[in-house]
Every structure is written in C-alpha cells, then in structure tokens.
Amino acid sequence: MAYDFPDARGHFGPYGGQFVAETLMEPLARLTEAYARLKNDPAFLAELDNDLRHYVGRPSPLYHAERLTAKWAKNGGGAQIWLKREDLNHTGAHKINNTVGQALLAKHLGKTRIIAETGAGQHGVATATIAARLGLKCVVYMGAEDVQRQSPNVYRMKLLGAEVIPVKSGTQTLKDALNEALRDWVTHVDDTFYIIGTVAGPHPYPMLVRDFNAVVGRELLTQCPERIGRLPDAMVACVGGGSNAIGMFYPFLPHPEVRLVGVEAGGHGIDTPDHAAPLSAGMPGVLHGNKTYIMANEDGQISNTHSISAGLDYPGVGPEHAWLKDSGRAQYVAVNDEPALAAFHELTRVEGIIPALESAHALAYAQQMATGLGPDHHIVVNLSGRGDKDIFTIAKREGIELL
Amino acid sequence: MSRIDETFSRLKGEGRQALIPYITAGDPHPDHSAGLMHALVAGGADIIELGMPFSDPMADGPIIQLACERALMAGTTLRRTLAMVAQFRRTNRNTPVVLMGYLNPIERFGLDAFAAAAEQAGVDGVLIVDLGLEEADSYLPVLTARGLAPIFLLSPTTPLARMARIAEHASGYLYYVSLKGVTGAANLDVAAVAAQVQALRGVTALPVAVGFGIRDPATAAAVAQIADGVVVGSALVNQIAELAEQPEALPARLTATLSALRNAMDAR
C-alpha cells in the first residue's frame, strides 16, 4: 500500500491535525495553499536546490566509520557503522535544511519578519542565519533556562542580527518558547512568518519540515548503493521533535527491508520522571497544535522533561513519528544520558568527529545494535549535528571550567 | 430552552447586553472559586466563563498564564474545577457557566466522562480554545448530547464564509475575538469590531459576544453598543493576582469591578 500521509487536513492516522486558536486557522490555510503551489514550482525548487548546494554545502557525505566499527566489533558482532554527516552543513546541523526552505516560502509570501523558537539554539542560529542572508527581521524565542545553558548560541544569534527573547513562563524551556512564538504569531500574523524548527506544530508544519529535511534521505538513497553496494539494514536517528529522523526515514518508507529506529532521550531512565521520551513512555494527547504522543500528568498538564541534550528536551514528538510507531514501520527506543555521553566521547576520540549530544543518543543505540549483528550488516546513523555547542555542558559535567 | 438561550432572550427583552466575566478556576485557590463566582453574579454577571487551567495556555497573555500557574500550584485539576461548578450550582440555578480552556486536560479525562461530569455539575457550555471547527466533528455530538453548548471563537482573520460555517455548528453564542493577539492585549479598535460584528450578523442569528482587550467601563460600554455580550477576563484576573495573598478581600473587589462595568453598559 502506498504511503500517502498526511491527508488533506494534516492527519497521520489519528495524529497531527490543526489544534490552534481560531486566529491562526486562516494563516495556516494560506500557508498550506502556498506550499501546495510552490512545492511543484520549478523556479522555487531550483532556488531551493541552489541554496542547499551552494549555501548549505549539500550533499553531505556518507562516511564509513571504520575505526569505530572495528572498536565496537571487539565486543562481538560488529556491523559496519556509517555516518550521514549533517554536522558538516553550514551552521553545523540538519536544521538549516528546513530554515532555508521555510525562509524561501516566507519570501514568496511577502513576509518581512521571521520568528522562531529554539531549545539548544541550533534552530535559532539556522533561522538567524537565513534571515541575515535574506535581509529579514528575525526574533527568536528561547526559554530563559536554555539561554543560560546555551549562551554561545545566544551570542551567535545576536551577531547574526537576531533579537533573542528569553521566555520566563512555565518551565522556561523549549515548550514555553514554542508557546511564546505562537503568541507572537497570533499578534503579528499580517507581516510575520513563523519558522517552526521541528516536525511538530499544526498542519502544514509537520509536512513542510519533513519535506525540507527529506533531502537527507534522498541523498542516502543514492549514496548507499554507491558506497555500500545496497541499501543499509538499519538507519538510526535521534528523536526530540523528530525532524532529522523524519528527514532520514521518509524517503525510505517504501523500502521495508530497511529497519528504521528512532532514539528518544531516556534522561535518567524512562522508569523515572526525568526523561524526554514520549513515544517510549508517554501517551497520546494534544500539544502545540497537533495530536501526538506527549508527556503529561494524570490531569493532562504537560510534564517537565529532562535530557542532557537540550535539543531532545521536549515533551512532545512529531505526529508522523506517532503514526510510524503505531503502524510498526519504525521502532522507537530510549537511550539515557550516560550512554549518550559515552558515545560522544567515543566518536570524538576514535574518529575525530565531535558529535552533538543529540546525535550521540543515536550513536549509542547503533552501538548496541551493532554488537548483535555481523560485519556484513550496515547501519547508517544520522549524525544530525556537531558537538561544538555542547563542550560547555560536557566540561561543566566533568568539573572543568572553560574561559 | 437552555440557560444560555434564556439569558440572552431575557436580556434582549430588557434591551440590555450580557456581561460575561472570565476567571480561572482555582485562582488563587480552589476553595475560593465558588465564592468568587457568586461575587461576580452579585456585581451583575449574566454568564460566567470559568477557565480550566492548563500548563501551556498558548493563546493567553501573561496575566492568564500566571493565573493558570497559581491555580495549578494550588492543586486545581479538571475534576476539582467541575466540583467548583457543582458547588456554585447549589445556590445558583440561573446563571449559565461556560468552561473555557484547552483540549489536553479534557482528552486525558476522557471526552465522554468529561461531558457527563460537566452536565452533572451544571455546566452550560464549553469553549475549547485549541479545538477549531475542522477537528471538532467527533467532539460536538458528545457535548451537545449532554446539553453542553459548543462555544466557538471567531477572529479578525476568519473569512465570512468560514464564520457562517462555524455558526452552523455553534450554539449558545459566538465569541468574537476583538483583535489579533492574545488575551489581555490592549489595542481594541471599536469601529473595526463593529464592522465585523455587523457582517457576522448577516450570517447568523446567534448572539455575538466580544472579548479580548476590554479592560474598563468605557470600553465595555462602547462594545455593548455593537454586540450582545461583553467578555472581560484579564482585567479581573489582574485584580485576583493583586489580592492573591488577601483572598478574603477578593469577593468585594470583584463585585465592585463588575458593578462599574454593568453600570457603564446599562447607562445609555
């Protein structure tokens, strides 16, 4: 059966949809129409392709991590580990794929002001970057706690000309930044385009963000046969909201022989309250404009989450992942802070690649998988971002003072 | 005839408009809410909108966000909110109560169980901010079967054809959001609202209440000239915030504030 989601109203099975205040319904309808028109417009696609190639630096390499493969093989098994190097993109993560696409939409819609939410700051930096290039005013909402945790990215955004507004409501993290961005959008809906950074939010955002990130999976469909000689046995990606994972998975949905594994943040463990793994340990609900798996208490109030990685520290997840979980096409697992940290160090020391803490979660799970598989198996890990932004977090944890 | 319909029908006969205060349930504490609801009625409230607090109220400004935080900190749950309505109903059989909030707590409670419990508590209408017409198909029959009027928001961005579609599925009244923004914003343009409400009357016979940005008697009076109801929320919630540490002073303050709005609306 052909996979044809979302439907016209933005549903992925029972998930997705548009759960927002009335003021945003018409702007969302206009965005949906505009995207339907532009996504097949050769001029728009040529402009997007040009940006991805010459500004972002695509295609990103598919790298065979041979030393890591050999090291992990010593524990028995030893599947081949391949890394999709999204960390080599301009601004250091997959996030730019989406911001370049949405910013082009904003330009075509005649919007002059861009807003965004950000957790770790990668999406904020990617948005501020493209806003600078297009000469658009840019405002980024960021939880006050994240502003503290990620001060280098805050400064980068400011250098790029963006205004960074610390959000002091609620838990002062990503979910609250998203609330505040939605409030801004309701208030400035005439001139403002909201660039959502993940595959969450109301329709058409989960579809838009997926489509703009799907360049990752499309490249792999070409690169894997060239490098491996066939498609891989499994692909592994971390899942916070889930944009890097969906970008990798989506073009592979029609290839059932390729196992798709999403890795959520287990924090201190999914049997504790301190994690960010709604697919592994949450239940369906409604948050930020869509129906999906979320973390909430028995009264439906959204829970505080925890992950060492700010980019995974979110109580919801893209609705398409909810559907891929229920339908069984993808599996979702959780990796705790400690193994993610271990994988961070291992890749850094063995391959000379410093991964983002987010991506380190995927890597840690790939290691577990690899030990059960022989060397004729191939696993592709989405190395969704580079870890330069995380060195302060790591240093602090290890009791080292920088600067 | 439902309590909401009776209220608008009576007011129409008297040539008056509905004064519809909003407070957040459980703010500053669940034990005070039924008393505050009676105080609102004493000040001239015709319908009460009672907010169901939510951790992530994305359509609300800072005043109501903080009210939600106070209410949740004080232990408010959806079940306790329904108990507040039941308590209010013991001594007030006439004033309609509309619950206003976000979908997730209702989803977690269970829609069927919520609708049954709301009917039993004496709730008259439900306004779910993040449940627009497109997603409401499976919700509306459950609410209406329990005598709960689905109240919908309309906004300055809503095209007229869409307003007509929403009006077909709504009952009780329509809530016209006066401005592009969140609750508690301050740039209400009465002339623009008048034009929109006039257009809306061309597609529906339902009463139209106007809210967002109405904070003083003069604005309430101006809006009463053009609409069937005036919703006042953040201005009241702000007073609750000021007196959160002296809750014994709250009923008199709310009654006085409502009376001033009431007098201004009725004084023409």
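Residues numbered from 1 in each chain as written. Chains lettered and ligands numbered in written order. Predicted model: local features only at pLDDT ≥ 70, side-chain atom pairs only at ≥ 80, totals over all residues. Heavy atoms only, no water.

Draft legend 1. Fine view of the sheet that holds strand S8 (residues 192-194) of chain A. Residues and elements named next belong to chain A. Strand order in the open sheet made by the four strands is S7-S6-S5-S8, with parallel pairing throughout. Pairing within the sheet leaves two strands with one partner each, and these edge strands are strand S7 (163-167) and S8. Taken pair by pair, the neighbouring strands of this sheet meet at an average axis angle of 25°, ignoring direction. When strand S6 (residues 137-143) meets S7, the two strands line up parallel, connected through five bridges. (Pairing = 2+ DSSP bridges. Helix = DSSP H or I, 4+ residues; strand = E, 2+ residues; numbered from the N terminus. Axes fitted to C-alpha atoms, helices over the stretch in contact; angles between N-to-C directions.)

Draft legend 2. Broad picture of the pattern of salt bridges. Overall, the coordinates contain 36 salt bridges over all chains when judged by the stated rule. The partner of Arg 53 of chain A in a salt bridge is Asp 49 of chain A, with the nearest N and O atoms 3.7 Å apart. One end of the pair, Arg 53 of chain A, and the other, Asp 49 of chain A, are both in helix H2 (residues 42-56), four residues apart, so they sit about a helical turn from each other. Asp 233 of chain A is the partner of Arg 230 of chain A in a salt bridge, and the nearest nitrogen-oxygen pair spans 3.0 Å. When salt bridges with common partners are traced through the structure, they connect Arg 10, Glu 14, Arg 16, Asp 46, Arg 262 and Asp 266 of chain B into a single cluster. (Salt bridge = Lys/Arg side-chain N within 4 Å of Asp/Glu carboxyl O.)

Draft legend 3. Quick look at the interface of chain A and chain B. Each side of the interface is counted separately: chain A has 40 residues, and chain B has 37 residues. Taking both sides of the interface into account, the surface hidden between chain A and chain B amounts to around 3,100 Å²; carbon and sulfur atoms contribute 48%. For the pair chain A and chain B, the interface holds five salt bridges. Measuring nitrogen to oxygen at the nearest pair gives 2.8 Å for the salt bridge that ties Asp 190 of chain A to Lys 180 of chain B. Where chain A packs against chain B, one counts 21 residue pairs in polar contact (both at pLDDT 80 or more). The set of elements that each furnish at least two residues to the side of chain A that touches chain B consists of strand S2 (15-19), helix H1 (25-38), helix H8 (174-187), strand S11 (283-287) and strand S12 (289-294) of chain A. In terms of residue count, the dominant contributor to the side of chain A that touches chain B is H8 of chain A (eight residues). (Contact = heavy atoms within 4.5 Å. Buried area = accessible area lost by both parts, 1.4 Å probe. Polar contact = N/O pair within 3.5 Å; in protein donor to acceptor, adjacent residues only side chain to side chain.)

Draft legend 4. Focus on unusual backbone geometry. Here the amide bond leading from Arg 58 of chain A into Pro 59 of chain A is cis, since omega sits at -5°, within 30 degrees of zero. On the secondary structure map, Pro 59 of chain A appears in the loop between H2 and strand S3 (62-64). Here the bond from Asp 27 of chain B into Pro 28 of chain B is cis, since omega is 5°, no more than 30 degrees from zero. Positionally, Pro 28 of chain B belongs in the loop between strand S1 (18-24) and helix H2 (33-42). For Thr 91 of chain A, which is not a glycine, the phi torsion comes out positive at approximately 75°. Relative to the elements of secondary structure, Thr 91 of chain A occurs in the loop between strand S4 (80-85) and helix H4 (95-108).

Draft legend 5. How the structure looks around the packing of H1 of chain A against helix H9 (residues 205-213) of chain A. All names here are of chain A. Packing of H1 against H9 brings their axes to within 11 Å, and their N-to-C directions diverge by 35°. Between H1 and H9 lies a crossing of left-handed hand. Side by side, H1 and H9 meet where Leu 28, Leu 31 and Tyr 35 of the first sit next to Tyr 205, Met 207, Leu 208, Asp 211 and Phe 212 of the second. (Left-handed = near helix turned anticlockwise from the far one by under 90°.)

Draft legend 6. Region of interest: the domain arrangement of chain A. Residues and elements named next belong to chain A. The domains assigned to chain A are domain 1 (11-53 + 95-209) and domain 2 (59-92 + 214-397). One C-alpha centre belongs to domain 1, the other to domain 2; they are set 23 Å apart. Carbon and sulfur atoms supply 62% of the area that domain 1 and domain 2 bury against each other, a total of about 3,000 Å² over both sides. Our count for the contact surface shared by domain 1 and domain 2 stands at zero salt bridges. Scanning the region where domain 1 abuts domain 2 turns up nine residue pairs in polar contact (both at pLDDT 80 or more). Those elements that provide at least two residues to the side of domain 1 that touches domain 2 are S2, H4, helix H5 (122-134), helix H6 (144-149), helix H7 (151-159), H8 and H9. (Domains from an automatic or database assignment.)

Draft legend 7. Region of interest: the state of the cysteines. Residues and elements named next belong to chain A. Under the definition given, this model contains zero disulfides over all chains. We note that Cys 224 lacks a disulfide partner, and the nearest cysteine sulfur, in Cys 238, lies 18 Å from it. Looking at Cys 224, the relative accessible area reads 0%, which means it is buried. (Disulfide = S-S within 2.5 Å. Buried < 20%, exposed > 50% of the residue type's maximum accessible area, 1.4 Å probe, protein only.)

Draft legend 8. A look at the sheet that holds strand S6 (residues 152-154) of chain B. Residues and elements named next belong to chain B. Across the sheet, which stays open at both edges, the nine strands sit in the order S5-S4-S3-S2-S1-S9-S8-S7-S6 with parallel pairing between neighbours. Edge positions in the open sheet fall to strand S5 (149-150) and S6, since each of these has one partner strand only. Contacting S1, strand S3 (97-101), strand S4 (125-128) and S5, helix H1 (residues 3-14) crosses the sheet at an angle of about 140° to S1.

Draft legend 9. Geometry of the nonpolar core. Judged by nonpolar contacts, the single largest core of 119 residues is most densely connected at Leu 105, Tyr 194, Tyr 205 and Val 380 of chain A together with Tyr 173 and Tyr 175 of chain B. Element by element, the count of residues in this core is highest for H8 of chain A, at seven residues. Taken domain by domain, the makeup of this core includes at least three residues from each of domain 1 (11-53 + 95-209) and domain 2 (59-92 + 214-397) of chain A. Ignoring sequence-local partners within four residues, the contact set of Val 380 of chain A consists of Leu 62, Trp 82, Lys 84, Leu 220, Cys 224, Ile 228, Pro 232, Ala 234, Met 235, Val 236 and Met 248 of chain A. (Core = buried A, V, L, I, M, F, W, Y, C linked by side-chain atoms within 4.5 Å.)

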